[in-house]
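Structural features, examined
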Amino acid sequence: MKLIRRSGLWLAASPLAAMLVGCSSATLSSVWPPDSGMPKSGGTPTNAVRALPEWLHTPDERSFHRTLAPGSAGKGIYVSSFDGTEVEGFSMAGRGPRCTVSTGNGAYVNGIAVDPKGSLIVPLGGPESIAVYRGPNMCGPEGGSFSDPYGQPSDAASMNAITGTIAVANIVGQGSSAGNIAICSLKAGCTKELTNPNVVGYAGGVAMAGNGDCWLTSDRFGSYYIYPPAMTYWKGCTGSGEAVTGYQNKGYGSISIDSHGYLVL
């Protein structure tokens, strides 16, 4: 995740890719396998995650974010380029772009995500807004968009982006304050901000479980070499939240939840 200053504000921008199941994009690192003994995302947040081996971490900030679209209508991979203004859809065979979604000049596409219905969610750092493109077919028509009054969006997650709740991670809040989660929908826009003392810097990735729980990664404004990144959990995506113990990853990148309910980092 990278910040770009525009008109006195810091804007987030990063190169991303998203494989079209699940709720949200996820840094291409590893998954807790079902037989690993790790608790599922819908359970207690205590010791919910653990550090990955060093060789599994993404080599730089240009991390990839992937999720599989349900059914055969739109399986493939979405990719956005660094400081990009468009999202390209590739078939699973990977033979060139299959389709393109243009988000506009200066959009700065961030942590793209795909919901279980196959709809594409695109946080835009430039205009500080979120656009949703209707699935299950790749690069479907725009289903709507809304502005984000709570900060600069870096990632998003939803179980049904067209009709349901969308959790938006804001890398920084208003006035360059600490990051947060905005609770939004296409119909109502963003109506609630989730904060917690555990989030004292940039917010990176957000994930939403099938039972409605929310998870957020963060770090101390880029000082993770001194202070480790953190993860915070909100039951039902509401309330004051609580810190997740056992989170030892060296970066605060994006997260997701797989079809078995396990966190993907």
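Residues numbered from 1 in each chain as written. Predicted model: local features only at pLDDT ≥ 70, side-chain atom pairs only at ≥ 80, totals over all residues. Heavy atoms only, no water.

**Thoughts on the sheet that holds strand β8 (residues 120-124)**
- If you trace the four strands from one edge of the open sheet to the other, you get β7-β8-β9-β10, paired in antiparallel fashion. At either end of the open sheet lies a strand with only one pairing partner, and these are β7 (113-114) and β10 (142-147).
- As judged from the five bridges shared by β8 and strand β9 (residues 129-133), these two strands associate in the antiparallel manner. Across the sheet, the residue bridging to Leu 124 is Ser 129, located in β9. (Pairing = 2+ DSSP bridges. Helix = DSSP H or I, 4+ residues; strand = E, 2+ residues; numbered from the N terminus.)

**Things to note about the sheet that holds strand β13 (residues 180-185)**
- If you walk across this open sheet you meet the four strands as β11-β12-β13-β14, and the pairing is antiparallel. On the outer flanks of this sheet lie β11 (153-158) and β14 (189-194), each paired with one strand and no other. Across the sheet, the axes of successive neighbouring strands diverge by a mean angle of 25°, strand direction being ignored.
- For β11 and strand β12 (residues 166-170), the ladder comprises five bridges, and the chain directions are antiparallel. The residue bridging Pro 153 from the neighbouring strand is Asn 170, located in β12. (Axes fitted to C-alpha atoms, helices over the stretch in contact; angles between N-to-C directions.)

**Quick word on the state of the cysteines**
- One pass over the full model with this rule turns up three disulfides.
- Cys 99 shares a disulfide with Cys 139; S-S distance 2.1 Å. Every disulfide takes its handedness from the sign of the S-S torsion; for Cys 99 and Cys 139 that torsion is 75°, giving right-handed. One end of the pair, Cys 99, is in strand β6 (residues 97-102); the other, Cys 139, is in the loop between β9 and β10, with 40 residues separating them in the sequence. Here Cys 99 and Cys 139 have matching classes, each one buried.
- Put simply, Cys 184 and Cys 190 are joined by a disulfide, and their sulfur atoms are 2.2 Å apart. With the S-S dihedral at roughly 90°, the linkage between Cys 184 and Cys 190 falls on the right-handed side. Residue Cys 184 shares its accessibility class with Cys 190, and that shared class is buried.
- Numbered in order of appearance, the disulfide-bonded cysteines of the protein chain are paired 1-2, 3-4, 5-6. (Disulfide = S-S within 2.5 Å. Buried < 20%, exposed > 50% of the residue type's maximum accessible area, 1.4 Å probe, protein only.)

**Points about the side chain of Asn 170**
- Structurally, the position occupied by Asn 170 is in strand β12.
- A polar atom in the side chain of Asn 170 sits 3.2 Å from the side chain of Asp 148.
- In contact with Asn 170, not counting residues within four places along its chain, are Asp 148, Tyr 150, Gly 151, Gln 152, Pro 153, Ser 154, Gly 179, Asn 180, Ala 182 and Ala 203. (Polar contact = N/O pair within 3.5 Å; in protein donor to acceptor, adjacent residues only side chain to side chain. Contact = heavy atoms within 4.5 Å.)

**Details of the environment of Gly 175**
- Inspection of the secondary structure puts Gly 175 in the loop between β12 and β13.
- Relative accessible area serves as the criterion here: at 71%, Gly 175 is assigned to the exposed category.
- Here the alpha-carbon distance between Gly 175 and Tyr 150, two residues 25 residues apart in the chain, equals 9.6 Å.

**Observations regarding the confidence of the model for the protein chain**
- Averaged over every residue, the pLDDT of the protein chain is 75; the share at 70 or more is 69%.
- Per-element averaging of pLDDT across the protein chain places strand β2 (residues 9-13) at the bottom with 34 and β13 at the top with 98.
- Contacts from residues 1-16, a stretch scored under 50 in pLDDT, to residues over four places away or in other chains number 70 contacts.
- Counting interchain partners and residues more than four positions distant, the pLDDT-below-50 stretch residues 19-73 has 178 contacts. (pLDDT = per-residue confidence, 0-100.)

**Examining the pairing of strand β15 (residues 202-208)**
- With respect to burial, β15 is a largely interior element, seven of its seven residues being buried.
- Bridge count for β15 against strand β16 (residues 214-219) is five bridges, and the pairing is antiparallel. When the sheet's bridge partners are listed, Tyr 202 is paired in β16 with Asp 219.
- Counted along the chain from β15 to the antiparallel partner β16, the turn is five residues long, and its residue Gly 212 has a positive phi close to 95°.

**Brief notes about unusual backbone geometry**
- With an omega of 10°, the peptide bond running from Gly 135 to Pro 136 counts as cis.
- Within the secondary structure, Pro 136 is located in the loop between β9 and β10.
- Positive phi is not limited to glycine here, since Glu 128 has a value of about 50°.
- Position of Glu 128 among the secondary structure elements: in the loop between β8 and β9.
- On the basis of relative accessible area, Glu 128 is assigned to the buried category, the value being 18%.
- With phi around 55°, Cys 139 is a residue other than glycine that occupies positive phi space.

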